[in-house]
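Summary of structural features
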Amino acid sequence: MKTTIEGKIALVTGSNRGIGRAIVEALFERGASKVYATARDTAALAPLVETYGNRVEALALDVTDPDQVNRIAEQTNDAQVVVNNAGVANGANLFEGDLGPSRQEFEVNYWGSLNVARSFVPVILSNGGGALVNISSVGGLVNFPMFPTYSDSKAAVHSLTQGIRQLKKAEGLQVVGVYPGPVDTDMAADFDFEKASPASVAGEILDAVEAGAEEVFPDPMAKGFAEPYEAGAKTLERATIAMMEGAAAEA
Ligand SMILES: NC(=O)c1ccc[n+]([C@@H]2O[C@H](COP(=O)([O-])OP(=O)(O)OC[C@H]3O[C@@H](n4cnc5c(N)ncnc54)[C@H](OP(=O)(O)O)[C@@H]3O)[C@@H](O)[C@H]2O)c1
């Protein structure tokens with residue numbers, strides 16, 4: 001299943017900054033006719049509105065509030081491409097301190113994505129089928145111990161993505177899982193890795209949507225995960241541990 005962006009109506013969560021904002025820009029570059037740019041604070045969407053005028057509609061959306069997600073889905077019932085981008089990484093410690101930050105990672109990353117999927121999959125299907133894009137992480141394929149509970153939450157997003165794909169394939173829904181490595185956004189500001197630009201990642205994501213791919217590894221580090229992912233989860237775990245041991249030995 002593939003979805004051409006030209007002429008489509010799309011909705012992006014967390015589109016006020018980072019990868020979400022770059023996806024809105026990339027959607028317009030490919031000829032999307034309208035984008036619902038959503039964010040917790042609509043004032044933060046002003047630059048997008050200034051650039052794209054009435055082709056962009058700024059809407060308040062906190063993905064952790066299922067009632068609000070439902071209301072927005074009723075209001076944007078012509079959406080054909082929906083991007084579950086909103087996410088948090090709180091750097092929670094597995095063994096020490098309060099578990100609140102870890103719970104919030106699940107609240108936004110997993111439950112927020114599920115809220116959006118529950119409200120918007122029927123909308124996309126009622127518009128003739130289209131694409132649901134879920135942003136997981138390479139940390140969703142193998143746990144990265146520097147952000148262990150974030151990885152847990154993104155593994156849940158990966159599993160959710162597989163589940164929705166299997167459940168809705170026959171109805172014509174394209175479900176794309178995105179597995180980025182480090183991307184140069186506020187979220188990764190403290191990571192000392194080479195980072196891809198949000199614009200290049202957004203471009204790779206939309207290439208995959210248009211090509212009919214089920215998974216996207218949208219940056220140089222993530223691309224190293226594609227082959228072991230195809231080979232199997234244990235191969236991937238071993239390959240990642242070897243990569244991290246190699247990096248530690250070099251440091
Ligand atoms: N950057 C990376 O290295 C990297 C790697 C792998 C995966 N990812 C994933 O890529 C996605 C985008 O991240 P990013 O790098 O662009 O990070 P970012 O710059 O920190 O942006 C995160 C976005 O999510 C929004 N958000 C947070 N909680 C929300 C909520 N409850 N409801 C709605 N929006 C909410 C933020 O809005 P506010 O401005 O209101 O906080 C912001 O727009 C995330 O899912 C992230 O996990 C990022």
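Just above sits the structure.
Residues numbered from 1 in each chain as written. Predicted model: local features only at pLDDT ≥ 70, side-chain atom pairs only at ≥ 80, totals over all residues. Heavy atoms only, no water.

Applying the stated rule across the entire model yields ten salt bridges. One salt bridge in this structure joins D186 and R17, with 3.0 Å as the shortest N-O distance. Placement of the pair is D186 in the loop between β6 (174–178) and α6 (198–211) and R17 in the loop between β1 (9–12) and α1 (18–29), with a sequence separation of 169 residues. Judged by its relative accessible area of 46%, R17 falls in the partly exposed class. Ionic pairing is found between D207 and R30, a salt bridge with its closest N-O pair at 2.9 Å. (Salt bridge = Lys/Arg side-chain N within 4 Å of Asp/Glu carboxyl O. Helix = DSSP H or I, 4+ residues; strand = E, 2+ residues; numbered from the N terminus. Buried < 20%, exposed > 50% of the residue type's maximum accessible area, 1.4 Å probe, protein only.)

With that settled, consider the site of the ligand. In the vicinity of the ligand there are 28 residues, among which N16, R40, N85, Y150 and T185 approach most closely. T185 places a polar side-chain atom, nitrogen or oxygen, 2.5 Å from an oxygen atom of the ligand. In the complex, 94% of the free accessible area of the ligand, which totals 890 Å², lies under the protein chains. Breaking the shell around the ligand down by element, the ones donating at least two residues are α1 and α5 (148–168). (Near = heavy atom within 4 Å. Polar contact = N/O pair within 3.5 Å; in protein donor to acceptor, adjacent residues only side chain to side chain. Areas by Shrake-Rupley, 256 points an atom, 1.4 Å probe, with all protein chains shown as cover.)

Next up on the list: the nonpolar core. Formed by 34 residues in total, the largest nonpolar core has its most connected members in I23, L27 and I205. Sorting the residues of this core by element identifies β1, α1, β2 (34–39), α2 (46–52), β4 (81–84), β5 (131–135), β6 and α6 as the ones contributing at least two each. The element contributing the most residues to this core is α1, with seven residues. Beyond its immediate chain neighbours, meaning those up to four positions away, I23 contacts V12, V83, I135, A202, I205 and L206. Counting residues in hydrophobic clusters, the runner-up holds 29 residues, among them V63, A79, A86 and V116. (Core = buried A, V, L, I, M, F, W, Y, C linked by side-chain atoms within 4.5 Å. Contact = heavy atoms within 4.5 Å.)

Quick look at the packing of aromatic side chains now. To describe a pair of aromatic rings, you give the distance between the ring centres and the angle between the ring planes. Within this structure, the stated rule accounts for nine aromatic pairs. Here Y110 and W111 contribute two aromatic rings whose centre-to-centre distance is 4.9 Å and whose plane-to-plane angle is 75°, an arrangement assigned as edge-to-face. Residue classification places W111 among the partly exposed positions, given a relative accessible area of 43%. An aromatic cluster is built from F144, F147, Y150, F191 and F225, whose rings are joined through pairwise contacts. (Phe/Tyr/Trp six-rings, centres within 6.5 Å; stacked < 30°, edge-to-face > 60°.)

Below, the discussion takes up the packing of helix α7 (residues 220–231) against helix α8 (residues 233–250). Two elements in contact, α7 and α8, have axes separated by 8 Å at closest approach and are oriented at 145°. On α8, the residues touching M221, F225, P228, Y229 and A231 of α7 are T235, L236, A239, T240 and M243. The class makeup of the residues in the contact of α7 with α8 is eight nonpolar, two polar and no charged. (Axes fitted to C-alpha atoms, helices over the stretch in contact; angles between N-to-C directions. Nonpolar A, V, L, I, M, F, W, Y, C, P; charged D, E, K, R; others polar.)

Positionally, L236 belongs in helix α8. The class for L236 is buried, based on a relative accessible area of 2%. For L236 and L141, which are 95 residues apart along the polypeptide, the C-alpha to C-alpha distance reads 7.9 Å. Setting aside its immediate chain neighbours within four residues, L236 contacts L141, F225, P228 and Y229.

This part covers the pairing of β2. Counting buried positions along β2 gives five out of six residues, so the element sits mostly inside the fold. In the sheet, β1 pairs with β2 via four bridges, with the strands oriented parallel. What sits directly across from V12, in β2, is A37. Assessed by its sense of winding, the connection that carries the chain from β1 through α1 to β2 is right-handed. Looking at chain direction, β2 and strand β3 (residues 56–60) are connected through five bridges and run parallel. For Y36, the partnering residue across the bridge sits in β3 and is E57. Between the parallel elements β2 and β3, the chain passes through α2 in a crossover that is right-handed. (Pairing = 2+ DSSP bridges. Right-handed = clockwise from strand over helix to strand, strands pointing away.)

Take it as geometry only, folks, not as evidence of what the structure does.
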